[in-house]
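These are the residues of each chain, in order.
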Amino acid sequence: MDTTLSTPTTGPRLSHTEITNMASTYSHEWRAVCDKFNNAQDLSELESRKDPENDPFRSKYKARELLREIYCSLKNFDVGENESVNDEADQRPTEQPVDGGMEEGFGRGHCGDSPAGSRAAKLGAVEYYLGVNHVETEELSAGEEHLMNCMTLLEKCSISPENVSLFIQVRNQLGILWAGRDEIEKAQGFLETAEAMYIRYMKEDGQPPMDLTEFFVAEEKALPQQERTKRFEMAYTHTLYYLAQVYKNLEQYEKAGGYCHSTLQRQLEFNQFIPLEWAINAATLSQYYITKTLYMEGRHCLSAASVIAGLAGEVPSEAAAQESEAEAEKRDQLRQKRAEIARCWIKYCLNLLQDAKKLLEDNIGELDMDRQAELRATRLKEEEEKERGRKSAVLFGSSDTFDSICGLEEKVSCVFPVDFEEARAIFLVGQTYVNQAKEYFEMDGHVTDHIEILQDHSALFKALAFFEEDLERRCKMHKRRVDMMEPICKDLNAQYYLLVCRQLQFELAETYYEMMDLKLAVANKQDDLDAHTVKKFNHLCSSSTKFYQMFLDSVRSPEGKWPEKLEDEVLRPALVAKFRVARLHSRLISSSKTVQMENLNRALECYNFVVQYCKDNPEAKSAIETELELSEEMVSLLPLKINRIQANLASSN
C-alpha cells in the first residue's frame, strides 16, 4: 500500500481554522454537528456506565442516532468553491479494500488537508465511530460494515497529519474484530498495515497529528501538541499490543514476546498504564523469557513488575477492610496480584537452578567436576558480553523507578550457579517468595494454588540438593521435602483432588527413593552396617514403596481392578512405579533367608508385570525403554537368585 505523505505542490497548507470553516456558510449547522458529536461522545463514554442491566445499551443506541444525523448533515455540506467531489465519493462503498497485502496502491488521492480530503476524513470518522458503536453493542457484522466504509473513504486520501490517526485506529478496530472471530491472519493483515503506516509517517513527517475527536471541534478547543502526541502514541501502543496477541495465537512466540515487551516499554514511557495490570503483564512476560533461558531479561521484567506493583499503594489493614467494602476489595486485589508476582519469582529461581543442574550433571545425575570448572571459566566473560549487547534493548522504567528496579535486580543472580554457595543464594531468594506467596494462597480457600507453591518449594530443595556434596546434608534437604508434603497428602481428599493426590504420592515416593539411594551410598562406605542404619534404610524403602503403591492403587477401578490399558497420562508413571517397587523390594535388608526370598518374589512379580504389559501393549515400550530393558534382565536373573536361596534354606533344614 502506498502511504506517501501528502505535501501540497502549490500554495500553503490550509490552517485548522480554514478546515473547520470549510462549511462557513453553514456555521450554525456546523456548530450543531459539533454539539451532537460531543453529546454522542458523552453518551458512549459516560452515560452508558449508568445504563440499567435490563437495557445495557440504551445510551449507546442514542449515541448511534446522533452519529447518523451527523453523517447526513456532513453529506449535505458543500465541499468548497473550487473543488467538487465525484458522485462516486458520495455513495456508500460497494467494494471494500483488503489489508495485509502490498503497500502500493493505497493513499493516492486527495491531500489530507484539502477540503475534499477533510470531508472524506470527517465522513470516515463518523463511519469509524458508528462501527465501534455497533461492535460495542455486539452487532459485529454492522460494525464491520461501517469500519470498512471508513477504510474505503480513506482510500481516496493520502496520509497526512489530519488523517493518519484515523488510518491507524480503524485498522486497530478491524484487527480486534477479526481476532474475536478467530480469523487471526485477517487481523494480522490490518494490524501490520497499521504498524507500517505509523513507522512511515513518523519517518517522513512526524509532527503530532490530529486526534479523531478534533474533526468536530472549534479551533479554540483543539488539543495541545503534547496531548495529540500522547493520544497518537497510545493508538500505536494498542497496535503493538494487539499484534502481540495475534502472534501468540499464530504460535510465533518470539515475535509475540518482542511486541509485548515493546508495549510495556511504551506504556511506561508515555505514562499510560495501570500499575497492577502492567506488573502482572511484565511478570507474565518474564515466564516467556525464562523458557528461552534469557534470565537477564526475565529478572528485569520481574524486578520492574515488583517495583511498578508497589505504585498501586499500601495494602489496607484487616481492620480497614472490615469497615469498608472498597478497602476490602483493594486489600484482596493487592495481596493477590503481589502473590502472583511472587510465584513468578519462584519459577525464575527454580528454573535457573534446574537449568544449571542440566548443564552440570553427568550421565548418572551427579555433579560433573569437569563441566563445573569449564562453566566457571567461561560464563563470566560470556554473560558480560551478553549483558552489554542486550541490556539497552530491554530496560524498563522512568527516572523515578529505574534505580529501584536495578536495586532489586542486584539481589538475585541471572547467571547459572556452579557451586553450592551460588545455588543457595538463589534458593534463599526463591524461598522468600514462597513465604510471600503462601501468605495469600493459604490452604484454606486456595487448596490447589497452595499445594503448587509447596511443590515448587520442594523442587527448590531438590535442585539445591544437587549442588550439595555432603550426602548426609543432601538427605536432610530431601527430608524437608517429605515434611512439607506428607501431611498434605494424608489430609487431602482423593475424591475431589485425585490429580493433586497422585502428584504428591509420586513425588513423596520419589523423594524417599532418593533418600534410600543416598543412604545406600553412605552405607557402602562403611565396613559394617549397624542395626540403626539397616532399620533406617529399610524404613526409607518401605516408605517409598507405600507411596508408589498408593499411586498405583489410584489407577485401579473402584472395584480394585487394574485397567487392561493404561491412559496416556499415567502410562509412564505407573510403569515406572511398578519398576521401582520391584527394585525397592529387592533392596530390603533382612538376615532371614525366608524374608529375603519373599521380597525377591515380590520384586519378580513387579518386574514380570512391566515386561508382560509391554508385550500386550507394544506401543508402551517407547515410554519406558530403559526400565523395560532392566526389567527383562531381572526377570532372567532373579529366579536364579531365588532358587539359590531356596536351596540354602533346604540344606539348612
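Sequence order as written defines the numbering, with residues in each chain counted from 1. Totals for whole chains, interfaces and linings use all residues, but because this is a predicted model, local features are given only for residues with pLDDT of at least 70 and pairs of side-chain atoms are given and counted only at 80 or more. The basis for every side-chain value is the complete set of non-hydrogen atoms in the structure, without hydrogens or water.

(A) Layout of the packing of aromatic side chains. Think of it this way: a Phe, Tyr or Trp ring, Trp meaning its six-membered ring, pairs with another when their centres are within 6.5 Å, and the plane angle makes it stacked under 30 degrees, edge-to-face over 60, tilted otherwise. According to the stated counting rule, one finds 28 aromatic pairs in the structure shown. Aromatic pair Tyr 201 and Phe 232: ring centres 5.7 Å apart, planes at 80°, arrangement edge-to-face. Taken together, the positions of Tyr 201 in helix H7 (residues 184-204) and Phe 232 in helix H8 (residues 225-249) put the pair 31 residues apart, joining distant regions of the chain. Taking relative accessible area as the criterion, Tyr 201 reaches 0% and is therefore assigned buried. To qualify as a helix, a DSSP run of H or I must reach at least 4 residues; to qualify as a strand, a run of E must reach at least 2; elements of each kind are numbered from the N terminus. Each residue's exposure class comes from its accessible area (1.4 Å probe, protein chains only) as a fraction of the maximum for that residue type: buried when under 20%, exposed when over 50%, partly exposed otherwise.

(B) Examining the packing of helix H17 (residues 447-467) against helix H18 (residues 471-491) more closely. Axis definition: a line fit to C-alpha positions, over the contact stretch in the case of helices; interaxial angles, taken between N-to-C directions, run 0 to 180 degrees. With their axes 9 Å apart at the nearest point, H17 and H18 run at an angle of 170° to one another. As summarised for this structure, H17 and H18 are arranged roughly antiparallel, according to the angle between their axes. Here Ile 451, Leu 454, His 457, Ser 458, Phe 461, Lys 462, Leu 464, Ala 465 and Phe 466 of H17 come into contact with H18, specifically with Arg 474, Met 477, His 478, Arg 480, Arg 481, Met 484, Met 485 and Ile 488. Residue polarity is assigned by list, with Asp, Glu, Lys and Arg as charged and Ala, Val, Leu, Ile, Met, Phe, Trp, Tyr, Cys and Pro as nonpolar; anything else, Gly included, falls into the polar class. Grouping the constituent residues of the contact of H17 with H18 by class yields ten nonpolar, three polar and four charged. Convention used here: angles under 35 degrees read as roughly parallel, angles over 145 as roughly antiparallel, angles from 65 to 115 as roughly perpendicular, and any remaining angle as oblique. We call two residues contacting when some pair of their heavy atoms lies within 4.5 Å.

(C) Molecular detail of helix H11 (residues 295-310). Across its 16 residues, H11 extends 22 Å between first and last C-alpha, which sits within 8% of the 22 Å expected from 1.5 Å per residue. Among the 16 residues of H11, 14 are classified as buried, and the element is accordingly described as predominantly covered. Every helix has an expected span of 1.5 Å times one less than the residues it contains.

(D) Here's a closer look at the side chain of Asp 51. Along the chain, Asp 51 turns up in the loop between helix H2 (27-45) and helix H3 (58-76). No salt bridge is formed by the buried Asp 51; its nearest oppositely charged neighbour, Arg 58, is found at 4.0 Å. We call two N or O atoms a polar contact when they sit within 3.5 Å, provided that within protein one can donate a hydrogen and the other can accept it, with sequence-adjacent residues counted only if both atoms are side-chain atoms. Here Ser 59 takes part through its side chain, which lies 2.7 Å from a polar atom of the side chain of Asp 51. Setting aside its immediate chain neighbours within four residues, Asp 51 contacts Pro 56, Phe 57, Arg 58, Ser 59 and Lys 60. When charges are counted, Lys and Arg contribute as positive and Asp and Glu as negative, whereas His and the chain ends are disregarded. What makes a salt bridge here is a side-chain nitrogen of Lys or Arg within 4 Å of a carboxyl oxygen of Asp or Glu, nothing more.

(E) Up close: the confidence of the model for the chain. Taken over all residues, the pLDDT of the chain has a mean of 87, while the share at 70 or more is 88%. In predicted models, pLDDT denotes the confidence assigned by the predictor to each residue on a 0 to 100 scale. Here helix H1 (residues 16-20) stands out as the element of the chain with the lowest mean pLDDT, 47, in contrast to helix H16 (residues 420-440), whose mean of 97 is the highest. The low-confidence segment residues 1-25, where pLDDT is below 50, has 67 contacts with residues more than four positions distant or belonging to other chains. Low pLDDT, under 50, characterises residues 101-107; the stretch is placed with 22 contacts to residues that sit more than four places away or in other chains.

(F) Spatial organisation of the pattern of salt bridges. Here the structure, examined in full by the defined rule, presents 34 salt bridges. In this structure, Arg 556 and Asp 553 form a salt bridge, with 3.3 Å as the shortest nitrogen-oxygen distance. The class of Asp 553 is partly exposed, set by a relative accessible area of 39%. One network of salt bridges, with partners in common, ties together Lys 462, Arg 481, Glu 507 and Glu 514.

(G) Spotlight on unusual backbone geometry. Positive phi values are uncommon outside glycine, yet Asp 182 reaches one of about 65°. Within the secondary structure layout, Asp 182 lies in the loop between helix H6 (164-180) and H7. Looking at Asp 182, the relative accessible area reads 64%, which means it is exposed. For Thr 293, which is not a glycine, the phi torsion comes out positive at approximately 55°. Take Thr 293: it is sitting in the loop between helix H10 (275-291) and H11. On the basis of relative accessibility, which here comes to 42%, the residue Thr 293 falls in the partly exposed class.

(H) Examining the environment of Glu 605 more closely. For Glu 605, the position within the fold is in helix H22 (residues 593-616). Overall, the relative accessible area of 58% leaves Glu 605 in the exposed class.

(I) Layout of the nonpolar core. Core analysis: the largest hydrophobic core is formed by 124 residues, its most contacted members being Tyr 348 and Leu 566. Here the element with the most residues in this core is helix H13 (residues 325-360); it accounts for 14 residues. Leu 153, Leu 154, Tyr 201 and Leu 240 belong to the second-largest nonpolar core, a separate cluster that totals 57 residues. For our purposes a nonpolar core is just a set of buried Ala, Val, Leu, Ile, Met, Phe, Trp, Tyr and Cys residues, chained together by side-chain atoms within 4.5 Å.

(J) Quick peek at helix H15 (residues 402-409). All buried positions along H15 are accounted for by Ile 405, Cys 406, Leu 408 and Glu 409. Projected down its long axis, H15 shows its buried positions confined to an angular sector of 160°, all on one face. When we speak of the arc, we mean the arc of directions from the helix axis to the C-beta atoms.

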